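Analysis of the macromolecular model
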Amino acid sequence: MPLMGSLYVGSSGLQTSQNALNTTAHNLTNTETTGYVRQQVQQSTRSYLQLSVDVRSVNNKQVGLGVTYSRVKHIRDYFLDKIYRRESGRSMFYEVSTEVMEEVEGQLGEMHGEAFQTSIEDFWTAVQELAKDPASSVTQGLFVQRGAELIQRAQAVYKGLSAYQDNLNMQVKDQVDKINSYGKKILQLNEAIRKIESGGIEQANDLRDTRDQLLDELSEMANINYGESVNGDVWVQIEGVDFVKGPRCFEMGIFADEETGFYTPFWPQNASYTTDANGNKIYTKESIANAHVFKFNREISTDLNTDIGGLKATLLARGDHRADYRDVADKDKYNGTDGSGNFVSQSVIMNVQAEFDQLIHNIATKINEILGTAAGVTTGNVTYTDENGQSVTLKNAQYCMADSDGYMRKDDGSPIQMFTTRSGNGYKKMTVTGLTDAAGNPVLDENGNPVTGDVWVYVPEDPNNPSSLYNIENLQIDQELMQKPSMLGFRLPDGSEDQATADALKAAFTAEDYTLNPNLSKRSTFVSYYTDLVSQIANTGYVSRSIYLNQQDTMESIESARQQVSGVSSDEELSNMIKFQNAYNASSRYINVIDEMLEHLLSTLGV
């Protein structure tokens, strides 16, 4: 090889070793940088200089021109990344579920010394004391007072659950905004990477690291699919729908329900809309019905991969409305099989709200029923003339004759209700033209004539009229009874104690007539109902927490495997630095030798 040509070999060694040292230094600098993947130098020989061709020889005469810095390899394991992102989404799903369960336990006060269980037990104790001495004004006052405390505490718990539901609602919006911002950043990084790598020489490894970190974080919030096109662009799907594709980011929309204020993520490209006078798109609940990001009509299961993503877990926990006892009254509605789109059974907050409200509703209506029975309330068909002069018959209505001096009556003659609605729904006074009993036989007075005149008719709850419901938000203790608990009396017209009604109240608390929800068969009393509710929350929380902890172990093992492949080892990099430093020194000495040889030849030959 000519000595002048040998200088190319030494020069290429210097350049390659210097670049390798720069890459090693870059790795060491980013040892603690989140998402950084180590870069590995790949070297190759330069193209050979062919001196002559001899077909009889094994090889042609060639001269090497040294080494070249071919590329910096981005060390990642595609399959480990895929597994990590799927499992991180699942881990986040159960992390959110666990946090929600812990918050619900806190709202009930079971862990902080202010347990609602105390209110139930105090009311039960008051009922027992009343049964011992029904006619005592002390036991009657205690009975009413404990009932008021029960309602007050129940409303505080329900209000706390609703406030947390609103908090989760804001988290939904924040997460959707974050997902959209990640999508736009990935789109920008796609363009920047494509510009750098379009020449086929330079690799945008740091930008790729940033993009991969965004994919890692995005996978925690939603179930994503992704891949890389031939030109280096990354495409992303969320829940099977295109999110980043080509030159576009299909941002999630967020629809705020006018009635509840709850946000629903949807895909605008799949929804219909109208426009206002300014050309703004207007979406409605009906127009986005088929464009929801998440479908909750499938069972939450690891086998089905439906338990992935923090956003989905937040939506599930929050639910889509404030739940009450009506949501657990019907099995199809509770399980979402009635076509309404409800998913009460899968929502932690809605499930607790509905079951908790059912307990208070059952206590209130049962006590009112017992007091009404004592006041003479019976069931029959009531016929009256409405304001338009039309004859109207109420079938199976609960009513009693108007009697201002009757037992368990208020001053106006209406039956005493301990629990009333804020709107004052209860008994309505009507002038009837006919009464029949449950069997359809006319009700006769003491003279054998059909009964007519004024009666008090119970106004039943209307599921479509929230103000008529005996639910937690709408309940109160009758204000007149609060002022005068002795109205209860518990003394029959003959002056004897009404032990039967007091015993009926006591029996109501020990009757196993209630279930938490339509999917359970275990029957509970009023006292054990709440215990079962807390146990259900604790068991669900334990399951979520166990799965989350197992997921954490899984994530640690996967991340450890990823770090073994792509993590920066300071020891390894220092070893590489020594190796490349020695290579640099060797190339430098090689050039010095060639230089000395050239100098010697030139000086010896005298040229």
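Parameters at a glance
- Numbers given to residues run from 1 along each chain, matching the order in which its sequence is written.
- Only residues with pLDDT of at least 70 are given local features in this predicted model, and only at 80 or more are side-chain atom pairs given and counted; all residues enter the totals for whole chains, interfaces and linings.
- Just so you know, side-chain values use all the structure's heavy atoms and leave hydrogens and water out.
- Strands are runs of DSSP state E lasting at least two residues, helices are runs of H or I lasting at least four, and both sets are numbered from the N terminus onward.
- Note that the radius of gyration is over C-alpha atoms, with the globule rule given as 2.2 Å times the number of residues to the power 0.38.
- By definition in these notes, contact holds between two residues if any of their heavy atoms fall within 4.5 Å.
- Asp and Glu count as negative and Lys and Arg as positive, but His and the ends of the chain are not part of the count.
- For charged residues, the charge sits on one atom: NZ in Lys, CZ in Arg, CG in Asp, CD in Glu.
- Any N or O atom pair separated by 3.5 Å or less is treated as a polar contact, with the protein-specific requirement of one donor-capable and one acceptor-capable atom, and with residues adjacent in sequence counted only for side-chain atom pairs.
- For two strands to be treated as a pair, DSSP must find no fewer than two bridges joining them.
- Between the N-to-C directions of two axes lies an angle of 0 to 180 degrees, each axis being a line fitted to C-alpha atoms and, for a helix, fitted only over the stretch in contact.
- When an angle is under 35 degrees it counts as roughly parallel; over 145 it counts as roughly antiparallel; between 65 and 115 it counts as roughly perpendicular; any other value is oblique.
- Crossings are assigned a handedness: left-handed for a near helix turned anticlockwise from the far helix by less than a right angle, right-handed for a clockwise turn.

**Details of the overall build of the chain**
Broken down by element type, the chain carries 12 helices and 18 strands. The C-alpha atoms of the chain give 39 Å as radius of gyration, which overshoots the globular expectation for 607 residues (25 Å, by more than 25%). Its C-alpha atoms give the chain principal-axis dimensions of roughly 155 × 55 × 40 Å. A separation of at least 24 residues holds for 68% of the contacts in the chain among residues at least 6 apart in sequence. For the chain, the centre of its 51 positive side-chain charges and the centre of its 82 negative side-chain charges are spaced 9 Å apart.

**Some thoughts on the side chain of Ser91**
You can see Ser91 is positioned in helix H2 (residues 78–108). At 3.1 Å, the side chain of Ser91 and the side chain of Gln552 are in polar contact. For Ser91, the residues in contact, after removing those within four places along its chain, are Tyr548, Gln551, Gln552 and Met555.

**A few points about the sheet that holds strand S14 (residues 391–401)**
The strand order around the closed barrel formed by 4 strands is S13-S14-S17-S16, and the pairing between neighbours is antiparallel. Sheet twist, expressed as the mean angle between neighbouring strand axes with direction ignored, is 70°. One ladder, built from 3 bridges, connects S14 with strand S17 (residues 453–458); its direction is antiparallel. Looking at the pairing, Cys400 lines up with Trp456 of S17.

**Points about the packing of helix H4 (residues 137–197) against helix H6 (residues 310–318)**
Two numbers describe a pair of packed helices, the interaxial angle and the distance between the axes. In contact at an axis separation of 9 Å, H4 and H6 are set at 155° when each is read in the N-to-C sense. If you check the angle between H4 and H6, you find them roughly antiparallel. Like other packed secondary-structure pairs, H4 and H6 cross with a definite hand, here left-handed. Residues Gln165, Leu168, Asn169, Gln171, Val172, Gln175, Val176 and Ile179 of H4 touch H6, and the partners they reach there are Gly310, Leu311, Thr314, Leu315, Ala317 and Arg318.

Treat this as a map of the structure, not an account of what it does.
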